[in-house]
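Geometric and topological summary
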Amino acid sequence: MKTILRIISLVALISALLSSSAFPKQDYKDSDVNAEALYQSARFDALNGNYEAALRKLGKACASGERQGRIFLLLAKVQIAVGRYDEALAILQRIIEKGDDNKNQAHLLAARVFAEKNNTDLALHHWQAVEAEYPAISLRGQVATLSRAERHEEVMAIARRVAKASPPLNAEARQEILYAGGRAAYHNQEYEASLRMLGQAYDAAPSGALAPEIKAWRHDVAEIDRPWWLGAQTGFLYDSNVYLDPIFQDPAHAVASGKSDSAFLAEAWGGGRAWRGENGLELGFTGKAQTVAFFQQTEASSSYWAPGAYLGWGKAAWGFRVPYQFYYYYRGARKDDWSRMHSLTPYLYWQMTKSFKTFFSLILFERQYFDGRSGSLHGGLAVDHILTFARKDDYIRLGYRVDQEDAYDDISGYRGYEATLGAGCLLLEGLKLEADLTWAHYDYDPRQEWTLAYEPFERKDEQMRLTVQLIQRLPGWWRLTLSYYYINNDSNVEGPGISPYDYYKNVASFMVTKYF
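Let us look at the structure shown here.

Parameters at a glance
- Along each chain, numbering runs from 1 in the same order as the chain's sequence is written.
- Since the coordinates come from a predicted model, pLDDT governs what is reported: local features require at least 70, and pairs of side-chain atoms require 80 or more to be given and counted, while whole-chain, interface and lining totals use all residues.
- The side-chain quantities take in all heavy atoms of the structure and omit both hydrogens and water.
- By definition, any uninterrupted DSSP run of H or I lasting at least four residues is a helix, any uninterrupted run of E lasting at least two residues is a strand, and each is numbered from the N terminus.
- To estimate how far a helix should extend, the number of its residues minus one is multiplied by 1.5 Å.
- Burial classes follow relative accessibility: with a 1.4 Å probe on protein chains only, a residue under 20% of its type's maximum area counts as buried, one over 50% as exposed, and anything between as partly exposed.
- Throughout, a residue-residue contact means that at least one pair of heavy atoms, one from each residue, lies within 4.5 Å.
- A pair of strands is labelled paired if DSSP reports no fewer than 2 bridges between them.
- For cavity detection a 1 Å grid was placed over the protein atoms alone, and a set of points counts as a cavity when a 1.4 Å probe fits there but cannot get out; an open set counts as a pocket when protein lies on both sides within 12 Å along at least five of seven lines, with lining residues being those that have an atom within 4 Å of a point.
- Grid points are joined across faces, edges and corners, and a volume is the space filled by probe spheres set on the points.
- Aromatic rings from Phe, Tyr and Trp, with only the six-membered ring used for Trp, were paired whenever their centres fell within 6.5 Å, and each pair was classed as stacked if the ring planes differed by under 30 degrees, edge-to-face if by over 60, and tilted otherwise.
- Think of each axis as a best-fit line through the C-alpha atoms, taken over the contacting stretch in the case of a helix, with angles from 0 to 180 degrees between the N-to-C directions.
- Our angle categories are set so that under 35 degrees counts as roughly parallel, over 145 as roughly antiparallel, 65 to 115 as roughly perpendicular, and the remainder as oblique.
- The hand of a helix crossing depends on one turn: near helix anticlockwise from the far one by less than a right angle means left-handed, and clockwise means right-handed.
- Note that Gly is not counted as nonpolar here; it falls among the polar residues with everything else outside the nonpolar set of Ala, Val, Leu, Ile, Met, Phe, Trp, Tyr, Cys and Pro and the charged set of Asp, Glu, Lys and Arg.
- As used in this structure description, the phrase polar contact means that two N or O atoms lie within 3.5 Å; if the pair is within protein, one of them must be able to donate a hydrogen and the other to accept it, and residues adjacent in sequence are counted only when both atoms belong to side chains.
- The term salt bridge refers to a side-chain nitrogen of Lys or Arg lying within 4 Å of a carboxyl oxygen of Asp or Glu.

Concerning helix α8 (residues 135-148)
The end-to-end C-alpha distance of α8, which contains 14 residues, comes to 20 Å, matching closely the 20 Å that a straight helix rising 1.5 Å per residue would cover. Burial in α8 covers these residues: Ala136, Ser138, Leu139, Gly141, Gln142, Val143, Thr145 and Leu146. Those residues of α8 that are buried are in contact with α6 (103-116), α7 (120-129), α9 (152-163) and α10 (171-187). Directly beyond the C-terminal end of α8, a positive phi value near 60 degrees is found at Glu150.

Structure follows, in structure tokens:
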């Protein structure tokens, strides 16, 4: 009995001590315990992909009065997982404004959300907010966001900072960012800078996971930036209505023979960069030659050679090129001297948005003939808008053009207007389909028309042209092209039982092209 009493006394003493001020009283609330249990359970649900259950539990945890930042941070993560970005951003903004230990994590989450929503500037704001604490994560996020927005010069600026070891990074992060800078420089058409950054990226970690890919990029960029280029093309064509007097640069003057024939075509072109300044301005030379030999209608055969030069500068956002070419033409199977032409065709391109590009072209040339016919001065202006889609080979093109040709005899000139709608799409890997439909109107100088008893007449033509090409790109810079071309010319000149300028024609061709 005494033993039992002693045990009871000991228990009573311990209870008294526990209830006395000798042990500080812990401030545990029921809400705290519930919030913690709900948080841990919600965290488990989120890890297992049960997001709706996690949201319910986190909502209860927040409603219990507990205001721990980690609860709100997990709530934002789950909201992001289910695609409720606006709700997540509102929560993250509250965490950032509160300024507790979860602030940097909130910035990182917000940056990823804004990047996903393609809001580049706000994503950058949040990436940059944590650069001092997490330089590698921040800079990687910045270059990924800027690369996605195709803001190449800003990616290059970050890569240049990293190349100067500001801030210092580990080898893996340094390589990744310099690699992004090299790709950005390539897309911005700054090939020398691209090669330099790719070299720095490779040297940062020669045995790194990205090293083989970087090495392949360096090889490809070096090939593209060669100071010379060369190409050749050959094939056969069938023409249902051969031109008697073909002028390939000017369909307004073409006159059909009414006879069909096949022809062999061969063409070569090349050029080189003679000089490049530090600002990217280039000066170079070009050359090309072509021959078209019809098997039966040999008077329609023609050939030319054309040396030239160019001045150019360009980046991804915009650029220009001023090419000059001198053409010397021959005609017929005997290659009789036919004409010569000076051609200047400067153009300017402007990448107006990520997927919308515009070309402005000026067409100037002076043509002289050796057979006594009148020469001419020609001027034209062309504008082309190109809208590309997710795949760059998928596009829509809208073009329009105005031409004015003044002949020295004052009766052989014309004014022309053209509008073209074109499109292209990638059918299979390396196989592309392109099509163009053109409407043209030509107003000719008044002249005495022989079909109308040499009465003065103002000739007007309406012309429709359709081109369809199936292009197969092959390894080794080879290309196969199957083409179809249709033209229908409708003139208002009609003599007694004769319409000399009304014609249509179908042309089919198969070409093999090799780039060196």
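Some remarks on the pairing of strand β3 (residues 282-294)
By the bridge criterion, 13 bridges tie strand β2 (residues 261-276) to β3 in an arrangement that is antiparallel. Bridging from a neighbouring strand, Gly272 pairs with Phe285 of β3. Between β2 and β3, which pair antiparallel in sequence order, lie five residues; one of them, Gly280, sits at a positive phi of approximately 95 degrees. Of the pairings in the sheet, the one linking β3 to strand β4 (residues 302-314) comprises 11 bridges and is antiparallel in character.

Thoughts on the layout of surface pockets
If you add up the space inside the second largest pocket, you get close to 480 Å³. Residue lining of the second largest pocket: 26 residues in total, with His253, Arg373, Ser412, Arg447 and Arg459 positioned closest to the centre. Of all the secondary-structure elements, those providing two or more residues to the lining of the second largest pocket are β8 (356-369), β10 (395-407) and β13 (447-449). With three residues, the top contributor of residues to the lining of the second largest pocket is β13.

What about the packing of aromatic side chains?
This structure, assessed with the given rule, holds 21 aromatic pairs. A centroid spacing of 5.4 Å and a plane angle of 65 degrees characterise the contact between Tyr304 and Tyr327, whose relative ring orientation is edge-to-face. Linking Tyr304 in strand β4 with Tyr327 in strand β5 (residues 318-331), this pair joins segments that are 23 residues apart in sequence. Tyr304 sits in the buried class, given a relative accessible area of 8%. Residue classification places Tyr327 among the buried residues on the basis of a relative accessible area of 8%. Their ring planes at 45 degrees and their centres at 6.1 Å tell us that Tyr349 and Phe359 sit as a pair that is tilted. Of this pair, Tyr349 sits in strand β7 (residues 347-351) while Phe359 sits in strand β8, placing them 10 residues apart in sequence. Taking relative accessible area as the criterion, Tyr349 reaches 8% and is therefore assigned buried.

What about the packing of α8 against α9?
Orientation of α8 relative to α9, taken along the N-to-C sense of each, is 155 degrees, at an axis distance of 9 Å. Our classification of the angle between α8 and α9 gives roughly antiparallel. Our pair here, α8 against α9, has a crossing hand that is left-handed. Facing α8, whose interface residues are Leu139, Gln142, Val143, Leu146 and Ser147, α9 presents Glu154, Val155, Ile158, Arg161 and Val162. Of the residues in the contact of α8 with α9, the class split is six nonpolar, two polar and two charged.

What about the pairing of β10?
Here strand β9 (residues 376-388) pairs with β10 via 13 bridges, running antiparallel. Pairing of Val383 across the sheet is with Tyr400, part of β10. Taken together, β9 and the strand that follows it, β10, pair antiparallel across an intervening segment of six residues. Inspection of the sheet shows β10 paired to strand β11 (residues 414-428) by 11 bridges, in the antiparallel sense. The partner of Asp403 across the bridge, within β11, is Gly416.

Description of the side chain of Ser301
Relative to the assigned elements, Ser301 resides in the loop between β3 and β4. Separated by 2.9 Å, the side chain of Ser301 and the backbone nitrogen of Phe294 make a polar contact.

Structural notes on the side chain of Gln463
Tracing the sequence through the fold places Gln463 in strand β15 (residues 460-474). Classification of Gln463 as buried rests on a relative accessible area of 1%. Looking at Gln463, its side chain comes within polar contact range of the side chain of Arg465, at 2.6 Å. A polar atom in the side chain of Gln463 sits 2.7 Å from the side chain of Asn489.

Regarding the pattern of salt bridges
Under the criterion given, the structure shown has 29 salt bridges. What emerges from the salt-bridge pattern is a single network uniting Glu192, Asp225, Arg273, Arg276 and Glu282.

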